[in-house]
Structures are given as C-alpha cells and as structure tokens.
Amino acid sequence: MDVQERIKQTVTGNRVVLYMKGSAQMPQCGFSANAVQILKACGANDLVTVDVLADNDVRQGIKQYANWPTIPQLYIKGEFIGGSDILREMHESGELQKLLEA
Amino acid sequence: MVTPEQVRGYIERGIECDELRVLGDGQHFEALIVSDVFRGKTRVQRHQLVYQALGDRMREEVHALSMRTLTPEEWLDTNG
C-alpha cells in the first residue's frame, strides 16, 4: 500500500493520533516529549502514537500528507490539528481540551 | 551554521512583516512574526506560510523553529 494511503488509514481509523520521534514512553525529541505530555495532561487516554524513526517512508510521507515539514504532528478524527507550537497554544487557551472531549 | 539574522532574512523575503523577532542557536530557533497576511487564517495555515517562506531550508538548515504567528491586532492585544 502507498504510504499516503497508509497514513490516511491510520489517522481516520483512530480518534487521536500523534506522529512523533520515539514512543510515548520513550520520546526521542524534546518537542515530541512535550506533545505527549500535553496530550496526557488533557486526558487523551485513547492516544495512538506512531514512531516516525521506525519507518522512513512514514517519516518522509507524513510531511507531504499535511504539507507540514516538522514532527510531531497531531491528528484528531482524521484532521490535522498542528505541530508542537500549536498544541501548546491550544492547550493554554483550553481549545485542545475541548476538542479532545468532543 | 545558520544565524538568527539569516532566518529572519528568509522569512522577511517571503512575508511582509509588521514585527519580526528571531532568536536561536544555529539549530533551534524561536520567531515572533506579526503580519497582515495572517488575518483570517488558521494557525496551521499561518505556520504553513512561514514554512513556505523558508522552503527547503526548513529541511536542510533549520532543525527546529518555534513560532508565534500573530496579526497586528492580536499583537496589540498581547501587549496589553
């Protein structure tokens, strides 16, 4: 299967998906670690993480998928929500909590 | 090594800014970007505009860029 198709299936088949470097337990990058921490603080208990370091096709493909050159990337219900800065801003404003509860 | 001044120049060439501040250590950068072009755009769209201005440099030279993207009105609000 084409990598774009694989990504689409992952983000539409799971409610909350974070593409990150490393795992939720062992993040390999400070920005990814922050993203996991924020999502946990928001009570996202159905979070699915994808380690881009484990699959180079996904690592490159995810940048095209959302036209977004950096990792981490958060998807909720198939929609691209943002990267590290946007997550932080949405957490501070309370928007992320609302989005996750909906 | 890329300097904050260079990153500033790249952004400036792509986006007309009211206010532009870039700090960084050569790999990780922080930018405050205030511009009219952000009006009516989502956060994702705003960041995409900045990434577009940086183009391939975002992949090759700049490892990480944290940014705040504000319209002039939002910038006034955050300044009280």
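Residues numbered from 1 in each chain as written. Chains lettered and ligands numbered in written order. Predicted model: local features only at pLDDT ≥ 70, side-chain atom pairs only at ≥ 80, totals over all residues. Heavy atoms only, no water.

(A) Representation of the nonpolar core. Counting residues in each nonpolar core, the largest one holds 52 residues, and the members touching the most others are Tyr19, Leu74 and Leu96 of chain A together with Ile11, Val50 and Leu65 of chain B. The residues contacting Val50 of chain B, other than those within four sequence positions of it, are Ile11, Ile15, Ile33, Phe38, Leu65, Met67 and Thr69 of chain B. (Core = buried A, V, L, I, M, F, W, Y, C linked by side-chain atoms within 4.5 Å. Buried < 20%, exposed > 50% of the residue type's maximum accessible area, 1.4 Å probe, protein only. Contact = heavy atoms within 4.5 Å.)

(B) Structural view of unusual backbone geometry. Residue and element names in this part refer to chain A. A cis amide bond links Ile71 to the next residue, Pro72, at an omega of 5 degrees. Mapped onto the fold, Pro72 is located in the loop between α3 (56-65) and β3 (73-76). Even without a glycine there, the phi angle at Asn67 is positive, about 50 degrees. By the secondary structure assignment, Asn67 is in the loop between α3 and β3. Since its relative accessible area comes to 52%, Asn67 is described here as exposed. If you check the backbone angles, Lys77 has positive phi at about 50 degrees while not being a glycine. (Helix = DSSP H or I, 4+ residues; strand = E, 2+ residues; numbered from the N terminus.)

(C) Spotlight on the sheet that holds strand β1 (residues 19-24) of chain B. All names here are of chain B. What the 3 strands build is an open sheet, ordered β1-β2-β3; its pairing is mixed. Only two strands of the sheet have a single partner each, and these edge strands are β1 and β3 (64-70). Direction aside, the axes of adjacent strands within the sheet are offset by 10 degrees on average. Pairing of strand β2 (residues 28-34) with β3, which is carried by 7 bridges, proceeds in the parallel orientation. Across the sheet, Phe29 pairs through a bridge with Leu65, a residue of β3. Each of β1 and β2 is contacted by helix α1 (residues 4-14), which is oriented at about 145 degrees to β1, the strand it contacts most. (Pairing = 2+ DSSP bridges. Axes fitted to C-alpha atoms, helices over the stretch in contact; angles between N-to-C directions.)

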